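# Structure assessment
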Amino acid sequence: MANSKRPKEAYRIDSVEKALRVLEAVESDTGRPIPIGRIIGRTGLSRDQCNRILATLEINGYVVKVDHGFVYGQRLIRLVGSDKV
């Protein structure tokens, strides 16, 4: 039996990639919360998709909704080992 390896791309999970895009879109150079409209623009996802992903990330402590936007949550900050995320 031949040992055929599948390319890494064959193991991609769309929902995980979308969640990662949302996490990356929350990054702020100014330290200010990123509004949902900007997250939608940065990711190309629909408002509904962003809302659901952000809700899931918030429930799990990876983002926090503040004022009129989102910032990284303590769980993500602890995960990367720095308070300068």
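In the block above lies the structure referred to throughout.
This text gives an overview of the structure that appears in the document. Nothing here was measured: the structure is a model prediction, and the numbers come from that model.

Definitions and cut-offs
- Residues numbered from 1 in each chain as written.
- Predicted model: local features only at pLDDT ≥ 70, side-chain atom pairs only at ≥ 80, totals over all residues.
- Heavy atoms only, no water.
- Helix = DSSP H or I, 4+ residues; strand = E, 2+ residues; numbered from the N terminus.
- Buried < 20%, exposed > 50% of the residue type's maximum accessible area, 1.4 Å probe, protein only.
- Polar contact = N/O pair within 3.5 Å; in protein donor to acceptor, adjacent residues only side chain to side chain.
- Contact = heavy atoms within 4.5 Å.
- Patch = residues over 30% accessible without salt bridge, like charges linked within 9 Å, V, L, I, M, F, W, Y side chains within 5 Å.
- Areas by Shrake-Rupley, 256 points an atom, 1.4 Å probe, with all protein chains shown as cover.
- Salt bridge = Lys/Arg side-chain N within 4 Å of Asp/Glu carboxyl O.
- Expected span 1.5 Å × (residues − 1).
- Arc of directions from axis to C-beta.
- Axes fitted to C-alpha atoms, helices over the stretch in contact; angles between N-to-C directions.
- Parallel < 35°, antiparallel > 145°, perpendicular 65-115°, else oblique.
- Left-handed = near helix turned anticlockwise from the far one by under 90°.

### Examining the side chain of Thr43
Considering the arrangement of structural elements, one finds Thr43 in helix α2 (residues 36–43). Of the residues examined, Thr43 reaches a relative accessible area of 8% and is grouped as buried. Among the polar contacts made by the side chain of Thr43, one reaches the main-chain amide nitrogen of Leu45 at a distance of 3.2 Å. Those residues in contact with Thr43, other than ones at most four positions away along the chain, are Arg21, Val22, Ala25 and Cys50.

### What about a nonpolar patch on the surface?
A surface patch of nonpolar side chains, amounting to about 260 Å² of accessible area, comprises Ile13, Val16 and Leu20. Tracing the backbone through its elements, the reader meets Val16 in helix α1 (residues 14–25). Judged by its relative accessible area of 42%, Val16 is partly exposed.

### Re α1
Turn by turn, an α-helix covers 3.6 residues, leaving residues three or four places apart pointing in a common direction. Between its terminal C-alpha atoms α1 stretches 16 Å, which fits the 16 Å expected from 12 residues at 1.5 Å a residue. Along α1, the positions that sit buried rather than exposed are Val22, Leu23 and Ala25. Along the long axis of α1, the arc covered by the buried residues comes to 165°, so they all point the same way. Residues of α1 that are buried in the fold lie against α2, α3 (47–59), β1 (63–66), β2 (69–72) and α4 (74–80).

### Thoughts on the packing of α1 against α2
Think of two packed helices as two axes; the pair is described by the angle between the axes and how far apart they sit. Packing of α1 against α2 leaves a shortest axis separation of 9 Å and a crossing angle of 125°. In terms of their interaxial angle, α1 and α2 are classed as oblique. Crossing handedness for the pair α1 and α2: right-handed. The segment α1 lies against α2, with Arg21, Val22 and Ala25 engaging Ile39, Arg42 and Thr43.

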